[in-house]
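Each chain is listed here by its residues.
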Amino acid sequence: MGVQIVAEVSTGNSVQFLIQKTMMQTSNSPASSFRHTIMPSLPQLLSGRILHFAKLSATSSYESHSTEKVKFPKKISRKPDSGSPPRKTQKLNLEVSPHRAVSAVRLMRIELGGAFADLLNEQGKGSGDNEMGYVERTLGFRTRHLEDRDLRLVTEIVGGTIRWRRYLDHLILSLCHDESTFRSMEPLLLQILRIGFYEITKLDMPPYAVVDENVRLAKVALRPGAGNLVNGILRKLIVLKESDSLPAVKVDGDDRQQARGLATLYSHPVWMVRRWTKYFGWDEAIKLMTWNNSSPSFSLRANTGKGLTGADLVSRLKMLKVPHEPSLYLDDFVRIKTGMQNVIQAGLLKEGFCAVQDESAGLVVSIVDPQPGENIIDCCAAPGGKTLFMASCLNGQGTLFAVDINEGRLRILKETAKLHQVIDVISTIHADLRTFSTDKVVEWDKVLLDAPCSGLGVLSKRADLRWNRKQEDMEQLKHLQDELLDSASRLVKPGGVLIYSTCSIDPEENEERIEDFLLSHPEFDIDPVNRYVPEDFVTTRGFYMSNPVKHELDGAFAARLVRSQ
C-alpha cells in the first residue's frame, strides 16, 4: 500500500498536497514514476469543469474521496560519484540560475508530485520567496532572489517544457548513447535536460549560456558527473541544431504510424491525434495541435456587478502599461497576451475589479441570457466563473442558485461573490445534482449545466492536461454527462430553458450527448443560438461552438433547449 498525490491546493500563502492511499507498483523506470494523477486548477475551472477520474465512478458519486495532507518531499536523493567524498549541502548558491532552479523544481512537482502547471503559475507570480522556499526544501540550497523577469521566464519555460515534452524526449533519447541511459535517468536530471533542450530548440536562447547554466545546476543539485552528462548532450544538440540536422521525426506508413509520428512532432498523446484526425481531418488536427503549443492569451471581464465597464478596465490596463485589445464579441471583456503578472500584482483580481474568464465562457452566459427578475440555477457551479457573470447580469433582481458537489469550492464561490458584490442574488446548495433533482420542489426559468468534461478545448492554457487525460476517460465522462443532463432537465419549468455546455471540442461530449438526450426527452426542442452569439459560432444544428484555431479562443460548446409548455 502506498500513497498517490492527487491534487495541490492553496492554503493561505502555502501550497499543500492532498493524497489518497492506493496500491502502487514500483519500477526502476522513471516513466513509471510519472504515472501520478493530476487535478485541474481552480483558475482553469472558471471556464469549465475538467474531471479527474482516479476519484470518480460515473455510476456513483463524483465527490472526492477523503484525503490527508502531506508536505512535498523535502529533498531529492543524490547519487554520490564513486570515490568522491560526501558534499555538504550549500544553503546559498549565487552561481545557479534562479529561474532554472525554480523551473526544475516546478516540473518535478508537476510530474512527480501531482501538482498542475497553471495554479503553480498563480502561486509563483509576485511570490519569489515562496518559490525559492520550494527550491531550498527540494534541492537543499537557495539561489539569488527571483526578480519579475525570472518569474516570467519560469512561466514560459515550465509551460513550454510541458507542452513539448514528447518531442523533447524524442530528441534526448536520440542523443543518448543507448535507450537504457534515457530510461534509467533520474527525474531531476531529465527535467534539467528538458529545460536545456527547450531553451535551445524553441526559445533560441544563447546556446552556450544555456549549456553553462544547466550544467552548473546539475552539478550543484545532483553531482559533478550529472553535470558532465548534461554538458555532453547539450553540446551535441547545439552542433546538430546549427547544422540543421536535428533528429527527424518520421510521419509515414499507415494511419497508426502517421499518428504516432504526428504525436511526437507536435507533442500530443497518440490517442488524441487519432481522435482528431478522425473527426477533423489531418490538416485541422495539425492546426489544432499547433494552437495548443502556442503561448496562450487571456481575457479579463470587467466586474459589472460593481458598476464597472470594459472602458474602466481598459483605463486601468493603460495605467499598468499592459498591452491589451478589446474583445471582438463581448463588451466588457478585454484580451491580454502578456502582463498578467502586472494585473495580479496591482490587485485587480484581489479587489474584485475584474475576473479572468475566457470569452468562450462568456459567450455561454450570453446564450443563457440572464434577465433581471429570473429564477436561474447553475447545476455544477463552483468555483463560479459563469455564476458570477450571470449574477452581475441580474442587476440585483432575481435569484441564482449555485449547486455543486464540492462544499469547499462552494465556499470559495461565496467569498468571491461577496468580493464582486453579487452575493445578494446568489444562494449556494451543496448537493449531488443527481439526487438533488429527484427531491426538488421548485422548477426554474433557466437551468445551466456546465458539465464535467475532458477539457480538450483548453489545452493551450492547461499545458499539463494533455498528458493526464486518458482515452478511457471519455466513456466515463459521456455516461456522467448523460446522467447529469437527465437530472438537470427535471429542474426546468414548462416553457423554461435548459443550457448544456462544455469546454470540450469533442463531438461525443457535445452534439452526440444532445442528440441522445433529445431522443429520450421529446418534451425538449433545440432553440438555435443565433439570437445570442455571432453567426460565426453557430453550427448547422443551431448549437454554439467556439473553435480555438478559427476564433482564437478556448474551445467550447453549448446547446439551448426549450421545454414545451
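Described in the following lines is the structure provided in the data block. (Residues numbered from 1 in each chain as written. Predicted model: local features only at pLDDT ≥ 70, side-chain atom pairs only at ≥ 80, totals over all residues. Heavy atoms only, no water.)

**Observations regarding the sheet that holds strand β5 (residues 298-302)**
Right, so step 1: Spatially, 4 strands are ordered β6-β7-β5-β8 in an open sheet, and the strand pairing comes out antiparallel. Two strands lie at the open edges of the sheet, namely β6 (325-326) and β8 (354-356), each paired on one side alone.
Right, so step 2: Strand direction decides the pairing type here: β5 and β8, joined by 3 bridges, are antiparallel. Counterpart to L300 in the pairing with β8 is V356. (Pairing = 2+ DSSP bridges. Helix = DSSP H or I, 4+ residues; strand = E, 2+ residues; numbered from the N terminus.)

**Description of the pattern of salt bridges**
Right, so step 1: Under the criterion given, the structure shown has 36 salt bridges.
Right, so step 2: Among the salt bridges present, the one from E179 reaches R183, with a minimum N-O distance of 3.2 Å. Note that E179 and R183 are positioned in helix α8 (residues 179-183) at a spacing of 4 residues, about one turn of the helix.
Right, so step 3: Judged by its relative accessible area of 46%, E179 falls in the partly exposed class.
Right, so step 4: A relative accessible area of 37% means that R183 is categorised as partly exposed.
Right, so step 5: The closest approach of N and O atoms between R541 and E515, which form a salt bridge, is 2.9 Å. Note that R541 is positioned in the loop between β15 (524-526) and β16 (544-546) and E515 in helix α23 (residues 511-520), a separation of 26 residues in sequence.
Right, so step 6: On the basis of relative accessibility, which here comes to 28%, the residue E515 falls in the partly exposed class.
Right, so step 7: Via salt bridges that share partners, R275, E475, K478, D506 and E508 belong to a single interconnected network. (Salt bridge = Lys/Arg side-chain N within 4 Å of Asp/Glu carboxyl O. Buried < 20%, exposed > 50% of the residue type's maximum accessible area, 1.4 Å probe, protein only.)

**Focus on the pairing of strand β12 (residues 444-450)**
Right, so step 1: By the criterion of burial, β12 is predominantly enclosed, with 7 of the 7 residues buried.
Right, so step 2: Sheet topology places strand β9 (residues 375-378) next to β12; 3 bridges connect them, and they run parallel. Along β12, the bridge assignment pairs D378 with L448.
Right, so step 3: Strand direction decides the pairing type here: β12 and strand β14 (residues 492-502), joined by 6 bridges, are parallel. Across the sheet, residue V447 finds its bridge partner in β14, namely L498.

**Brief notes about the packing of aromatic side chains**
Right, so step 1: Counting across every chain of the model gives 10 aromatic pairs.
Right, so step 2: Between Y329 and F537, the aromatic rings sit 4.8 Å apart at their centres with planes inclined by 85°, giving edge-to-face as the arrangement. With a gap of 208 residues between them, Y329 in the loop between β6 and β7 (333-336) and F537 in the loop between β15 and β16 connect regions that are remote in the sequence.
Right, so step 3: Here the aromatic residues Y329, F537 and Y544 are joined through ring pairs into a cluster of three or more.
Right, so step 4: One residue, K202, lies across the ring of W164, its end atom 3.7 Å from the ring centre.
Right, so step 5: Across from the ring centre of F298, 5.5 Å away, lies the NZ or CZ of K461, which sits over that ring. (Phe/Tyr/Trp six-rings, centres within 6.5 Å; stacked < 30°, edge-to-face > 60°. Lys NZ or Arg CZ within 6 Å of the ring centre and 35° of its normal.)

**Quick look at helix α19 (residues 407-419)**
Right, so step 1: Helix length check: α19, at 13 residues, gives a terminal C-alpha distance of 19 Å against a target of 18 Å (1.5 Å per residue), a fit within 8%.
Right, so step 2: Looking at α19, one finds that the buried residues are R409, L410, L413 and A417. The buried residues of α19 occupy one face: seen down the axis, they fall within an arc of 105°.
Right, so step 3: Looking one or two residues beyond α19, the residue adopting positive phi is Q421, at roughly 60°. (Expected span 1.5 Å × (residues − 1). Arc of directions from axis to C-beta.)

**Points about the nonpolar core**
Right, so step 1: Ranked by size, the top nonpolar core spans 55 residues in total, and within it L139, L188, F197, L217 and V230 carry the most contacts.
Right, so step 2: Taken together, the elements giving at least two residues each to this core come down to α3 (98-112), α5 (128-139), α6 (148-163), α7 (165-175), α9 (187-201), α10 (207-221) and α11 (224-242).
Right, so step 3: It is α9 that provides the largest number of residues to this core, a total of 9 residues.
Right, so step 4: Ranked by size, the runner-up nonpolar core spans 33 residues in total, among them V368, A391, L394 and V529. (Core = buried A, V, L, I, M, F, W, Y, C linked by side-chain atoms within 4.5 Å.)

**Some remarks on the packing of helix α12 (residues 255-265) against helix α13 (residues 270-280)**
Right, so step 1: Remark: α12 packs on α13, axes separated minimally by 8 Å, with the N-to-C direction vectors making an angle of 115°. In this structure, α12 meets α13 at a crossing whose hand is right-handed. For the pair formed by α12 and α13, the contact residues are R256, A259, R260, L262 and A263 on the first element and V270, V273 and R274 on the second.
Right, so step 2: Of the residues assigned to the contact of α12 with α13, the class counts are 5 nonpolar, no polar and 3 charged. (Axes fitted to C-alpha atoms, helices over the stretch in contact; angles between N-to-C directions. Left-handed = near helix turned anticlockwise from the far one by under 90°. Contact = heavy atoms within 4.5 Å. Nonpolar A, V, L, I, M, F, W, Y, C, P; charged D, E, K, R; others polar.)

**Observations regarding helix α22 (residues 471-489)**
Right, so step 1: Helix length check: α22, at 19 residues, gives a terminal C-alpha distance of 28 Å against a target of 27 Å (1.5 Å per residue), a fit within 8%.
Right, so step 2: Along α22, the residues that are buried comprise D473, M474, L477, K478, L480, Q481, L484, L485, S487, A488 and S489.

**A closer look at the side chain of S103**
Right, so step 1: Residue position: S103 is located in helix α3.
Right, so step 2: With residues near it in sequence (within four places) discarded, S103 still touches V154, I157, V158 and I195.

**Some details on the packing of α3 against α6**
Right, so step 1: Where α3 contacts α6, the two axes come as close as 9 Å, and the packing angle between them is 40°. The angle between α3 and α6 falls in the class oblique. Relative to α6, α3 is oriented so that their crossing is right-handed. Contacts from P98, H99, V102, S103, R106, L107 and I110 of α3 reach α6 at D150, L153, V154, I157, V158, T161 and I162. (Parallel < 35°, antiparallel > 145°, perpendicular 65-115°, else oblique.)

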